[in-house]
Each structure stands twice: as C-alpha cells, then as structure tokens.
Amino acid sequence: MNTTIMLFLVQDGITNGAIYALLGLALVLVFAVTRVILIPQGEFVTYGALTYASLAAGQMPGTAKLALALGIGAFAFDLFEARKALHGRLVVRSFIANVVLPAIVLALTLSLAAQKPPVAICIALSLVIVAMIGLYLYRVAFQPLAHTSVLVLLIASVGVHLALQGLGLLFFGAEGQRGPAVLSGAFTAGALRFTGQSIAVYAITIAFIVALWLFFGLTLYGKALRATAVNRLGARLAGIRTTLSGQIAFLLASVIGALSGILIVPITTLYYDSGFLIGLKGFVAAIIGGLVSYPLTAVAALVVGIVEAFSSFYASNYKEVIVFMLLIPVLLLRSLAAPAVEEEKD
Amino acid sequence: MSTLLSVTDAHVAYGKVEAVRSVSLEVGTNEIVTIVGANGAGKTTLLSAIMGILPLKGRVAFAGQDLARLDIEDRVARGLGLVPEHRELFVTMNVEDNLELGAFRIEKSRAKSSIERVYALFPRLKERRKQLAGTLSGGEQQMLAMGRALMGEPKLLMLDEPSLGLAPIIVADIFRIVTELRAAGVSVLLVEQNAQAALKIADHAYVMELGEFVLSGKASDIAANERVAASYLGFQHEGASAI
C-alpha cells in the first residue's frame, strides 16, 4: 500500500467516523438522560436521508404523515393522562404542539413536494419532520415506561425499531435512494481530493459538537439535562421534569440522526433498512465510551470509521465483522476494570 | 399561625410491609417541627412519601391544596422542598450550577437574588462556587443540598438527617441556620436522630417508633419527657424504664 491509498482510506474513515461520532453522542445523551438504549437511532438516519432524497426528487415522503399520526397519538396520551384534571390551557398547548404543528408541516410538504424545492428547504423540512417523529415517539412509546427497568426500555426500543423499519419500507419502497450534495464542488490538496460534501460533513459535525458543548455548558436547559443524567431524583427535587429532559434528549437525538442521514445520502445509496447498521457503528463507539463519556465516544467513532475504511480495503467481505470485533477487547477490558456489576434497583 | 402542611392518617408501604402506619401531623407557618426516633422508625419513609417519591395512602394537604395528584416536580413548584438524607447532588457539576438548577422553576431575575441570599447563609459555598459538588466535604455537601433546596424558594423545607456524619462544629452551624430559616419565614420539618439538638430548636415535636407516632407535643415538653430522655437523649432518669 502506498501513502496515497493510505491517506485516502484515512480521509474516508474520518468522514464516516464523523457521522458515527454524531450518532454515538446522541446515543450516550439519550441513555444518560432516559436510560433508553436508542436502537431506532438508525431509523432517524434513514428517515432523514430518505425524506430529504424524496423531497429533492419531487416525491411526497410518507414520514410527514407518520409525524401527524404520532402527534395525534401523543395528544391522545396527554388527554388520557390529564383526564382527571383537565386544564383548558394544557389541552390547547398539547393540541398545538402535537396536532396543529405536524398538520402545518404536512400541508407544507404536500404543497412543496411536487415543485422539487431547493436543497435548503428540503433539508429544513426533513429535519423538522424527523424531529417531530422523535419527540412524539418519546411521548407515545417511552414516557409511559419511564419508571421501568433498562431491560423493559430496551425491549420497547427494539419494538420501535422494528415498527419504524417496516414503516420505512412502506414509505420509501425497497429501492435505494441518493440525494443531491449539500455542498457541491471539490478541490484538491496534494494527493487528496476533498469534495464539497465531505467538507460539509466535517464542518457540520464540528459545528454540532461545539453547539452541543455550549448547550450543555452554558444554558439552563442544557444543565438541567446533565443534572437529570447525573442524578434523576436530585433533578426532580430541583423541580426539573424528567419528561422534559427526555423530550429534549429525543429531540436532539432525532435531529442528529436526520442530519447524519442527510450528510450521508449524497455519498452512499441508502435503503429503508440501512440505518440500523450505521446506528450500530455509532453504538460501538458509544459502548467504547462506556455509554457515559462524550469525548471518548467521539474519538472511538473516528477509530471505528478508520478501521472500517481499512478493513473494506483489505477484506471488504469482513468489514462489518472487523468493526464489531472492536467491541470484544473493549468489553473485556471494561469487565476487568469493573468486576462487580450491581443489578439496577429502580 | 396557620397550618401549612397537614398529613392525615398516612400509610406508606413497601410491598406488603407497612413502614408508616396511620400517621397524622401538622406544620404551621414559621414553625420548626421535628420528628425524632430511632433508626428504621420510618421517618425517612414518611418524608419521601410527603414529597411524592413514595406512594402514600391518606391525605396530604399543603397550603390548603391536596397534593395527591401532584408529581414531585409540581410539589417543588408549589413551595415544598426536601433535602434528602443522601443529598442527591449533581456531583459532576460545580456548586454554582447545582444552585442555579435549584431555581429551575423560579424566574431568572429572582434566582439571581436567591443565590446571593444562599451565599450569605453559607459563605463557604461562595468560596467554593467553581468546585465540583462531588469534591466537597460532607458538611459542605449538606450546605449545598440545603442551598439548592432554598433556591426553589420553599415555604416548607423538609430536612432528612442533616447532621448525619458531620463534625459537631458543623452540626451546630447547620442547626443555627435552620433557626435563621424560620426567622426568614421558611417553615422546617426536621427529621433527626440527634434528638437533643433537634428538640432544642424545634417548636413542636413528634416521636416515631416502628412506623407510628407514639408521642407529640411542644418540643420542650417532649424534651422533658422521661421516656424520651431515656431512649433518645442518651441519659436515664431515675426510675424510668428504657422502653
């Protein structure tokens, strides 16, 4: 192997690794705040990617309808929960957030889809649609289970993943899709060629990580989210609703997922079920970070990306196997470092 | 003096085991009420249930409102605060962030002046404001836990064993601050194993044994009660039996 190939592989690895980093961070965030191992993270990726690709191709994405359906479900849950003490203001607020908002977005999507809107509008619409799906999904599937064990939440998470994947097949069909580049053009530096898209991946990943860092470090809501992750009871005693923290976490995770999808879909063809494998690689990074450490997760994600790039060059048949094998030494080391594992009590 | 908290015929159970049985208590405005009793008497369980952490059978009213349907967070927003035995601080965050989060439900402008009040009560916290909560000493953590609860502008602050494991000089400090809180208009419901110190500052007291209140009355009367003196105050009057 010569240096040029190696540089290419590293570049490719970093581009993928940046995406895995975003996904890994979202997984760590959601787990820390809600104790949900977010398997449907991969579906947020495909939904974001394929909604974007459909819109850019002038087709109506079914995800906009799903958002409205889930929103109505969320509203019904809100009504049911508040049935004994119905507050007019609460009902109106829930109706606007859960029904009116997705209805407006659906109407917008319907009117815009046929005209092949410009890239920026496609991106914005896709992000909003998937963000709403993430938010309502939390209300419908996870908030009612918030007090249960990690295992129950994991089972629910698997169920949501399967349901969303099936719906993905229904919405987008079995054919793969590709979307237009977010940033077109390219330039070369020495032997390396940088496409506008890969620059967009780096820039958006870095911008997002910085934005998250500022959000968690400086804003009251960011701190409240961290507080919930550190000590749930403490947070509740400070008046911080765990449901609010859960909503913010899911909102962030779905936006991150959709954004990752939009960044990948111009580079590789995505199918309705591609998200799972992409999400799993973010998950590998998150596990290496112990599901708690954000910096470790980001670094691990870059390693995963680079290992994947090299293994697809040397042994492309085994590339997934090699990536997932990274987990074994890490888990071994972690189990040696923490021999006593306490069963969760709550 | 009007009633702030009233608990009527409360039962709290862990599965089939009833840890608190048929307990009724009242806390008025500007009052320190203490519940004393041995380890395992059900004091912590009772406080947790009043806060909404554990399910409670019976009636709990706060400032004239039934709390049954309110979550912990809403009870906090209505002015009920709890400093739990284990303090439940945000250990990986600094002192200032911990305090700021205590005012999560309070308007930002008011939170600013609250934090100055808390620093005035606990000057040590101001010195340590950039330090991570997990690296504070036990006494400082207790101060931070109380400070965080005070940031939520509670009308009633429930303190669960604030003196546990602390050096006597710090315990004295904390009890002094509890009396200052009463002067500032915050009622306190104090659960303590250190009955002597608690009874000294309290207005009213309840004695809890095996999940039930066995005695109640003015704190000074309870302190003078021979049975209480024998079991909780660490000295025995002549002729008194040790329950």
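Numbers given to residues run from 1 along each chain, matching the order in which its sequence is written. Labels are handed out in written order, letters beginning with A for the chains and numbers beginning with 1 for the ligands. The predicted origin of the model limits local features to residues at a pLDDT of at least 70 and limits the giving and counting of side-chain atom pairs to 80 or more, whereas totals for whole chains, interfaces and linings rest on all residues.

### Concerning the overall build of chain A
Part 1 of the reasoning: Helix and strand labels come from DSSP, where a helix needs a run of H or I of at least four residues and a strand needs a run of E of at least two; each type is numbered from the N terminus. Within chain A, the secondary structure is distributed over 14 helices and two strands.
Part 2 of the reasoning: Each radius of gyration is computed over the set of C-alpha atoms, and the globule rule expresses the reference value as 2.2 Å times the number of residues to the power 0.38. Compactness check: chain A gives a C-alpha radius of gyration of 20 Å against a globular reference of 20 Å for 346 residues, within 12% of the reference.
Part 3 of the reasoning: Taking the principal axes of the C-alpha coordinates as reference, chain A spans close to 70 × 60 × 35 Å.
Part 4 of the reasoning: Our exposure labels follow a C-beta count within 10 Å of each residue's own C-beta, placed from the backbone: buried means 20 or more other C-beta atoms, exposed means 12 or fewer, and partly exposed covers the counts in between. Residues classed as buried in chain A amount to 45% of the 346 residues present.

### Focus: the interface of chain B and chain A
Part 1 of the reasoning: For the purpose of contact definition, each residue receives a C-beta atom placed from its backbone, and two residues are in contact when these atoms lie within 7 Å. With 21 residues of chain B in contact, the opposing surface of chain A contributes 17 residues.
Part 2 of the reasoning: Of all the secondary structure elements, the ones that give two or more residues to the side of chain B that touches chain A are helix H2 (72–77) and helix H3 (95–102) of chain B.

### Quick word on the sheet that holds strand S6 (residues 80–83) of chain B
All names here are of chain B.
Part 1 of the reasoning: Between any two strands, at least two bridges found by DSSP are needed for them to pair. One open sheet holds the six strands; their spatial order is S6-S7-S8-S3-S9-S10, and the pairing between them is mixed. Whereas interior strands pair on both sides, the edge strands pair on one side only; in this sheet they are S6 and strand S10 (212–218). Each neighbouring strand pair of the sheet contributes to a mean axis angle of 15 degrees, computed without reference to strand direction.
Part 2 of the reasoning: As paired strands, strand S9 (residues 204–209) and S10 are joined by six bridges and run antiparallel to one another. In the strand pairing of S10, Tyr-206 is matched with Ser-216.
Part 3 of the reasoning: Fitted lines through C-alpha atoms serve as axes, helices being fitted only where they are in contact, and the angles separating the N-to-C directions of these axes extend from 0 to 180 degrees. Its contacts with the sheet put helix H7 (residues 168–183) on strand S3 (32–37), strand S7 (156–160) and strand S8 (187–192), and the angle it makes with S8 is roughly 155 degrees.

### What to know about H3(B)
Part 1 of the reasoning: Most of H3(B) sits out of view: seven of its eight residues are buried.
Part 2 of the reasoning: Where H3(B) is concerned, the buried positions are Val95(B), Asp97(B), Asn98(B), Leu99(B), Glu100(B), Leu101(B) and Gly102(B).
Part 3 of the reasoning: Elements that come into contact with the buried residues of H3(B) comprise helix H8 (220–230) of chain A together with helix H4 (108–121), helix H5 (123–127) and helix H6 (138–151) of chain B.

### Overview of the confidence of the model for chain B
Residue and element names in this part refer to chain B.
Part 1 of the reasoning: Scored between 0 and 100, pLDDT is the confidence that the predictor attaches to each residue. Per-residue confidence for chain B gives a mean pLDDT of 90; residues scoring 70 or more make up 95%.
Part 2 of the reasoning: Helix H10 (residues 226–232) is the least confidently modelled element of chain B, averaging 78 in pLDDT, while S6 averages 96, the highest of any element.
Part 3 of the reasoning: This model gives residues 236–243 a pLDDT under 50, and the stretch forms 13 contacts once residues within four places in sequence are excluded.
Part 4 of the reasoning: Taken over the whole predicted complex, pTM reads 0.86, whereas the ipTM for its chain interfaces reads 0.90.

### What to know about the pairing of S9(B)
All names here are of chain B.
Part 1 of the reasoning: Here S9 lies mainly inside the structure; five of its six residues are buried.
Part 2 of the reasoning: In this structure, S3 lies alongside S9, joined through five bridges in parallel fashion. Pairing of Thr-34 across the sheet is with Ala-205, part of S9.
Part 3 of the reasoning: Linkage of S9 to S10, two consecutive antiparallel strands, is achieved through a turn of two residues, within which Leu-210 is found at a positive phi near 45 degrees.

### Side note on unusual backbone geometry
Part 1 of the reasoning: Its identity is not glycine, yet Lys116(A) carries a phi of approximately 45 degrees, on the positive side.
Part 2 of the reasoning: Position of Lys116(A) relative to the elements: it lies in the loop between helix H4 (88–113) and helix H5 (119–142).
Part 3 of the reasoning: Residue classification places Lys116(A) among the partly exposed positions, given that 13 C-beta atoms sit within 10 Å.
Part 4 of the reasoning: Positive phi is not limited to glycine here, since Glu153(B) has a value of about 50 degrees.
Part 5 of the reasoning: Relative to the assigned elements, Glu153(B) resides in the loop between H6 and S7.

### Details of the sheet that holds strand S2 (residues 17–28) of chain B
Part 1 of the reasoning: Ordered in space as S2-S1-S4-S5 (chain B), the four strands form an open sheet in which the pairing is antiparallel. In this open sheet, the two strands that pair with only one neighbour each are S2 and strand S5 (65–66) of chain B.

### Re helix H6 (residues 150–172) of chain A
Residue and element names in this part refer to chain A.
Part 1 of the reasoning: Between its first and last C-alpha, H6 extends 32 Å over 23 residues, near the 33 Å set by a 1.5 Å rise per residue.
Part 2 of the reasoning: Taken residue by residue, H6 has Leu-153, Ser-157, Val-160, Leu-164, Gly-168, Phe-171 and Phe-172 as its buried positions.
Part 3 of the reasoning: On its buried side, H6 packs onto helix H2 (41–56), helix H3 (63–81) and H5.
Part 4 of the reasoning: Just downstream of H6, Gly-173 is the residue with a positive phi angle, here 75 degrees. To estimate the expected span of a helix, count its residues, drop one, and scale the result by 1.5 Å.

### A short note on the nonpolar core
Part 1 of the reasoning: In this usage, the nonpolar core is the set of buried Ala, Val, Leu, Ile, Met, Phe, Trp, Tyr and Cys residues whose C-beta atoms join them within 7 Å. The biggest cluster of nonpolar side chains holds 168 residues, and the ones touching the most others in it are Leu22(A), Ala26(A), Val30(A), Ile133(A), Ala253(A) and Leu190(B).
Part 2 of the reasoning: At 15 residues, the largest contribution of residues to this core is made by H5(A).
Part 3 of the reasoning: The contact partners of Ala26(A), leaving out residues within four places of it in the chain, are Gln41(A), Leu252(A), Ala253(A), Ile256(A) and Gly257(A).

### Details of the environment of Tyr206(B)
Residues and elements named next belong to chain B.
Part 1 of the reasoning: Secondary-structure assignment places Tyr-206 in strand S9.
Part 2 of the reasoning: For Tyr-206, a count of 25 C-beta atoms within 10 Å puts it in the buried group.
Part 3 of the reasoning: With 173 residues separating them along the chain, Tyr-206 and Val-33 place their C-alpha atoms 7.9 Å apart.
Part 4 of the reasoning: Those residues in contact with Tyr-206 that lie beyond four places of it in its chain are Leu-25, Ile-35, Phe-213 and Ser-216.

### Focus: the pairing of S2(B)
Residue and element names in this part refer to chain B.
Part 1 of the reasoning: As paired elements, strand S1 (residues 3–14) and S2 share eight bridges and run antiparallel to each other. Its bridge partner being in S2, Leu-5 is matched across the sheet by Val-27.
Part 2 of the reasoning: In this antiparallel pair of consecutive strands, S1 and S2, the connection spans two residues, and Gly-15 shows a positive phi of 65 degrees.

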